[in-house]
Amino acid sequence: MSHTVREFADRMAARRSVREFSPEAFPLDVVENAIRAAATAPSGANVQPWRFVVLTDPARKRALRLAAEAEEREFYTRRASPQWLEAVSAMGTDWHKPFLETAPVVIVVFEVHQGPNTPKPYYVKESVGIAVGVLITALHLAGLATLTHTPSPMRFLNEICGRPAEERACVVMPVGRPADGVTVPALSRKPLPEVLVHR
């Protein structure tokens, strides 16, 4: 038991978000099985208030990139606080989001709220957040890289993904192999004693 969880923790410690992807395709059943794993996440009252939209069509990914960059340009140049810009400066992010087009797959995760054909959900954000965590883990264990991208606002994603109004996008995840020679910022994670408390 200890060996298994230690090995899992070591594998997850190697996970990094990337922003440069190879356009090389990979079998879609990998994504489907990762989503199958994500859909096992616990949820409030077992309502399972999530929808995973898998985009592979170049035209849709192009539309997604253009719409996201328009929102991000506005955010970075007018709405973002100086504190937030300082906090992400080490990551080198800005409003340019080419990964939305170059990654072979983009998963858009929606929260499913009450609608004509959907029940009232409970603890939606918590439930979907857990599912996204499982999805990130499954993709990493499959040898794929991803990134959690959250343009704001995200209502434009309903039209691009063909989803009804009761579904609300919460995260956009490009998925693929890292581009050749890609580098990531030299960020560190907090040591265990900083995040673990025994009482």
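Everything that follows concerns the structure shown earlier in this document.
Everything in this summary refers to the structure shown in the same document. Because the structure is a prediction, the values reported are computed rather than measured. (Residues numbered from 1 in each chain as written. Predicted model: local features only at pLDDT ≥ 70, side-chain atom pairs only at ≥ 80, totals over all residues. Heavy atoms only, no water.)

Axis separation between helix 1 (residues 2-13) and helix 6 (residues 124-141) bottoms out at 10 Å; the angle between their running directions is 90°. When the axes of helix 1 and helix 6 are compared, the pair comes out roughly perpendicular. Residues Phe-8, Arg-11 and Met-12 of helix 1 touch helix 6, and the partners they reach there are Thr-137, His-140 and Leu-141. (Axes fitted to C-alpha atoms, helices over the stretch in contact; angles between N-to-C directions. Helix = DSSP H or I, 4+ residues; strand = E, 2+ residues; numbered from the N terminus. Parallel < 35°, antiparallel > 145°, perpendicular 65-115°, else oblique. Contact = heavy atoms within 4.5 Å.)

What follows covers the layout of surface pockets. Computed from the structure, the largest pocket encloses a volume of approximately 490 Å³. At 3 residues, the largest contribution of residues to the lining of the largest pocket is made by helix 3 (residues 58-79). (1 Å grid on protein atoms, 1.4 Å probe; cavity = no way out; pocket = protein on both sides within 12 Å on 5 of 7 lines; lining within 4 Å. Points joined across faces, edges and corners; volume = space filled by probe spheres on them.)

This next bit is on the side chain of Thr-137. Positionally, Thr-137 belongs in helix 6. Among the polar contacts listed, one links the side chain of Thr-137 to the backbone oxygen of Gly-133, at a separation of 2.9 Å. With near-sequence residues (within four places) excluded, Thr-137 lies in contact with Phe-8 and Met-12. (Polar contact = N/O pair within 3.5 Å; in protein donor to acceptor, adjacent residues only side chain to side chain.)

Now for unusual backbone geometry. Pro-153 follows Ser-152 through a cis peptide bond whose omega is -5°. As for its position among the elements, Pro-153 is in the loop between strand 3 (145-146) and helix 7 (156-161). In this model, Gln-48 sits at a positive phi of 55°, which is unusual for a non-glycine residue. In this structure, Gln-48 sits in the loop between helix 2 (28-38) and strand 1 (50-55). Located in the positive-phi region is Tyr-123, a residue other than glycine, with phi close to 50°. One can find Tyr-123 in the loop between strand 2 (105-112) and helix 6. Take Tyr-123: its relative accessible area is 61%, and that puts it in the exposed class. (Buried < 20%, exposed > 50% of the residue type's maximum accessible area, 1.4 Å probe, protein only.)

Before going further, it helps to spend a moment on the sheet that holds strand 2. One open sheet accounts for 4 strands, arranged 1-2-4-3; its pairing is antiparallel. For this open sheet the edge positions go to strand 1 and strand 3, each flanked by a neighbour on one side alone. One ladder, built from 6 bridges, connects strand 1 with strand 2; its direction is antiparallel. Within strand 2, the residue paired with Val-54 across the bridge is Ile-107. This element, helix 2, spans strand 1 and strand 2 of the sheet and lies at about 170° to strand 1. Against the sheet, helix 6 makes contact with strand 1, strand 2, strand 3 and strand 4 (167-176), and its axis sits at roughly 160° relative to strand 2, the strand it touches most. (Pairing = 2+ DSSP bridges.)

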